[in-house]
Amino acid sequence: MNTASRVESLTKHFGANILLSETSFDAIEDPEGLHFRLMGRVQMKGKQKALKIYECIDGDLPEIRQLKLNTLSVFEDAIAKYYERKFAEAKSAFEYIL
């Protein structure tokens, strides 16, 4: 329950309508037809390791969802560059998306 509450509180931080922890994401038996993107890893209070947080973009307005789908590969690359500590490249990719 604590994790769910903490993930829910991150929606404002990420500007997302629907967020899932990696545990919830992994529990989805048939994700076909749903659209997700990894938002990053978050260190939760009381947890030993950082949790991956995913956004389900299907909860967005149709025009916003389409923009996110159109830039999904750039977003995924930006996240990867960030975790590779290639901050200038990540920044450029995020700015392109914006």
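Trainee: Got a sec to walk through helix α4 (residues 72–83)? Specific residues and values, please.
Mentor: For α4, spanning 12 residues, the distance from its first C-alpha to its last is 17 Å, which sits close to the expected 16 Å at 1.5 Å a residue. What α4 keeps buried is the set L72, F75, A78, I79 and K81. Summarising the contacts, the buried residues of α4 are in contact with β2 (36–42), α3 (62–70) and α5 (87–97). Positive phi appears at R85, one or two residues downstream of α4, with a value of about 65°.

Trainee: Explain the layout of surface pockets to me, using residue names and the numbers behind them.
Mentor: Quantified by volume, the largest pocket comes out at close to 390 Å³. R37, K68, F75, I97 and L98 are, among the 15 residues lining the largest pocket, the residues nearest its centre. Those elements that provide at least two residues to the lining of the largest pocket are β2, α3, α4 and α5. Broken down by element, the residue count for the lining of the largest pocket peaks at 3 residues, all from α3. Classifying every residue of the lining of the largest pocket by side-chain character gives 9 nonpolar, 2 polar and 4 charged.

Cut-off values and rules
- Residues numbered from 1 in each chain as written.
- Predicted model: local features only at pLDDT ≥ 70, side-chain atom pairs only at ≥ 80, totals over all residues.
- Heavy atoms only, no water.
- Helix = DSSP H or I, 4+ residues; strand = E, 2+ residues; numbered from the N terminus.
- Expected span 1.5 Å × (residues − 1).
- Buried < 20%, exposed > 50% of the residue type's maximum accessible area, 1.4 Å probe, protein only.
- Contact = heavy atoms within 4.5 Å.
- 1 Å grid on protein atoms, 1.4 Å probe; cavity = no way out; pocket = protein on both sides within 12 Å on 5 of 7 lines; lining within 4 Å.
- Points joined across faces, edges and corners; volume = space filled by probe spheres on them.
- Nonpolar A, V, L, I, M, F, W, Y, C, P; charged D, E, K, R; others polar.

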